[in-house]
Amino acid sequence: KSMRDRHSELEAAKKTGAVGENNRGAVDLVYADKITDANQRNEIQRVVAAENQDRKAYYQEIARLNRAENLTVGTVERVYAQRRLMRAQPGELFQMPPAGEDLEKFKASAQGKKLGAAIKPNEWLVIK
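Residues numbered from 1 in each chain as written. Predicted model: local features only at pLDDT ≥ 70, side-chain atom pairs only at ≥ 80, totals over all residues. Heavy atoms only, no water.

Along its 14 residues, helix α1 (residues 2-15) runs 20 Å from first to last C-alpha, staying within 8% of the 20 Å computed at 1.5 Å per residue. Serine 8 marks the point of greatest bend in α1, at about 40 degrees. Buried residues of α1: Arg6, Leu10, Ala13 and Lys14, and no others. Summarising the contacts, the buried residues of α1 are in contact with β1 (19-21), β2 (27-29) and α2 (38-65). (Helix = DSSP H or I, 4+ residues; strand = E, 2+ residues; numbered from the N terminus. Expected span 1.5 Å × (residues − 1). Bend = angle between axes of the 7 residues up to and from the residue. Buried < 20%, exposed > 50% of the residue type's maximum accessible area, 1.4 Å probe, protein only. Contact = heavy atoms within 4.5 Å.)

This is the structure:
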């Protein structure tokens, strides 16, 4: 519920161009210098921290419920990060996956093809 309630605040924070989705299923304040107002920066930091806390709890619960399949929190984080990346909208900031299958899968997608050679492992990019 708290994630739904916070959604509009998180989307507004992302629209500043300073907040993006990392490749571990969390959000990061990547370019804090884009936010010159200290109060706004503090509010965005609060939103990011609360979102990450809720996401972590959510990922842990998914892993716990799938313990029989040996699903780890790290795997859940990776899967959610990849899903968010594949659904990314133009203008959103994302950290590319590390080198490997997830990165190659994204490069082969329509969005990945638009970004072309700009895609590098772990780099932050704005989706086109």
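Still more to cover.
It is worth spelling out the packing of helix α3 (residues 73-86) against helix α4 (residues 101-108) at this point. Put simply, α3 and α4 touch, their axes get as near as 11 Å, and they point 10 degrees apart. Here α3 lies roughly parallel to α4, going by the angle between them. Judged by the twist between their axes, the crossing of α3 over α4 is right-handed. Listed contacts from α4 to Arg78, Gln82, Leu85 and Met86 of α3 are Asp102, Lys105 and Phe106. Looking at side-chain class alone, the contact of α3 with α4 contains 3 nonpolar, 1 polar and 3 charged residues. (Axes fitted to C-alpha atoms, helices over the stretch in contact; angles between N-to-C directions. Parallel < 35°, antiparallel > 145°, perpendicular 65-115°, else oblique. Left-handed = near helix turned anticlockwise from the far one by under 90°. Nonpolar A, V, L, I, M, F, W, Y, C, P; charged D, E, K, R; others polar.)

All quantities given are derived from atomic positions and should not be read as evidence of function.
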